[in-house]
Amino acid sequence: MEREAGSGRPADGAVDHAAAGSAAAGVVHRLAQRHETLATAESLTGGLLAASIVDIAGVSGIYRGGLVVYATELKGTLAGVPADLLSERGPVDPEVATALAEGGRQRCGADWGVATTGVAGPEPQDGKPVGLVYVAVAGPNGAEVRQLALNGGRDHVRAAAVIEALRLLAERIHAADAAAPEGGSQTAAGATPGGAGTARAGRR
C-alpha cells in the first residue's frame, strides 16, 4: 500500500529535532510492550534514523540493528533489493523503499523494518527532484510506503525524512494494535534472516 504526504509535516526552516526523539521514544516504548523488534535500512538519511532510535534508553530490548546502503549496489548486495527492480526504477522509488524495509527486516531477523530512500540534494538525481523521499515500513501485517515532497536544504530534508519514517512506523504499529485480539499483540512468529538478492546501479 502506498500513500503520499505533501510537503512533510516539518515546515520550512529548522527541523524540530525533539520531534524525532519523541517519535522514536513512542515506537520504542510500544514495541517493547509488544515484545517485538525493529531494524532499519537507510539511504539518504545515512544512519540518522538508527541514531534517533538508539538515543532512547532501553532500546537494546527492541532494536536489532540496521543497514546504511547509500550506494545503490549495496541496496541489492546488503539489503536484498532485486537487481531488476533497481535497474528499471533506480534507487528513488516506492517499490525500492518497500524492498529496503523488508530486506532490513529479514536480514536483521526483526519483526519490523523501516527504510528511507530519496534525494537530499543539493542537486536532482536521475531526473528526481530534491526533496522527493520515500519512507517505508514492513511488519507482521504487510508493508506500506509513503511519498514525501520535502522542502528546505539538505540537512532539513534528511532530518524530516527521519521524523516521517518514525511517524509511519508508529501508524503501522497502531494499526497492528487495532487489528490484534483484545489483550494481545500480533508478534511475528520469528522473522528469519532474509533471502539473498543481488543488485547493481548508481548511488543513493
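Residues numbered from 1 in each chain as written. Predicted model: local features only at pLDDT ≥ 70, side-chain atom pairs only at ≥ 80, totals over all residues. Heavy atoms only, no water.

Caption draft 1: Spotlight on the overall build of the chain. Counting secondary structure elements, the chain contains 6 helices and 6 strands. Shown N-terminal to C-terminal, the secondary structure of the chain runs as helices and strands in the order β-α-β-α-β-α-α-α-β-β-β-α. For the chain, the proportion of its 204 residues judged to be buried stands at 51%. Within the chain, residue pairs in contact and separated by at least 24 positions form 74% of the contacts whose partners lie at least 6 positions apart. Here the chain displays about 8,600 Å² of accessible surface, and carbon together with sulfur accounts for 53% of that area. (Helix = DSSP H or I, 4+ residues; strand = E, 2+ residues; numbered from the N terminus. Buried < 20%, exposed > 50% of the residue type's maximum accessible area, 1.4 Å probe, protein only. Contact = heavy atoms within 4.5 Å. Areas by Shrake-Rupley, 256 points an atom, 1.4 Å probe, with all protein chains shown as cover.)

Caption draft 2: Fine view of the nonpolar core. In this structure, Leu38, Ile53, Trp112, Val133 and Leu166 are the most contacted members of the largest nonpolar core, which totals 34 residues. Where this core is concerned, the elements lending two or more residues are helix H1 (17-34), helix H2 (48-54), strand S4 (112-118), strand S5 (132-139) and helix H6 (154-179). Ranked by the residues each element gives to this core, the list is headed by H6, at 11 residues. Excluding residues that lie within four positions of it along the chain, Leu166 makes contacts with Ala20, Ala23, Ala24, Val27, Leu49, Ser52 and Ile53. Listed in part, the 20 residues of the second largest apolar core include Leu67, Leu85, Val119 and Leu132. (Core = buried A, V, L, I, M, F, W, Y, C linked by side-chain atoms within 4.5 Å.)

Caption draft 3: Representation of the pattern of salt bridges within the structure. The final tally for this structure, using the stated rule, is 10 salt bridges. With a shortest N-O distance of 3.2 Å, Glu164 and Arg167 are connected by a salt bridge. You can see Glu164 and its partner Arg167 sitting in helix H6, 3 residues apart, about one turn around the helix. Take Glu164: its relative accessible area is 0%, and that puts it in the buried class. Salt bridges linked by common partners bring Arg30, Arg34, Glu36 and Asp177 together as one network. (Salt bridge = Lys/Arg side-chain N within 4 Å of Asp/Glu carboxyl O.)

Caption draft 4: Structural detail: unusual backbone geometry. In this structure, Pro122 follows Gly121 across a cis peptide bond, with omega equal to 10°. Among the structural elements, Pro122 can be located in the loop between S4 and S5. Of note, His35 is a non-glycine position whose phi angle comes to about 60°, a positive value. With respect to the helices, strands and loops of the structure, His35 is situated in the loop between H1 and strand S2 (38-42). Look at His35 and you get exposed, because its relative accessible area is 68%.

Caption draft 5: Just the pairing of S4, in detail. Taken across its 7 residues, S4 has 7 buried, putting it largely inside the fold. Of the two faces of S4, the one holding Trp112, Val114, Thr116 and Gly118 and the one holding Gly113, Ala115 and Thr117 are both buried throughout. Relative to S4, S2 runs parallel, the two being bridged by 5 bridges. Bridging across to S4, Glu42 finds its partner in Thr116. As paired strands, S4 and S5 are joined by 6 bridges and run antiparallel to one another. Within S5, the residue paired with Thr117 across the bridge is Tyr134. (Pairing = 2+ DSSP bridges.)

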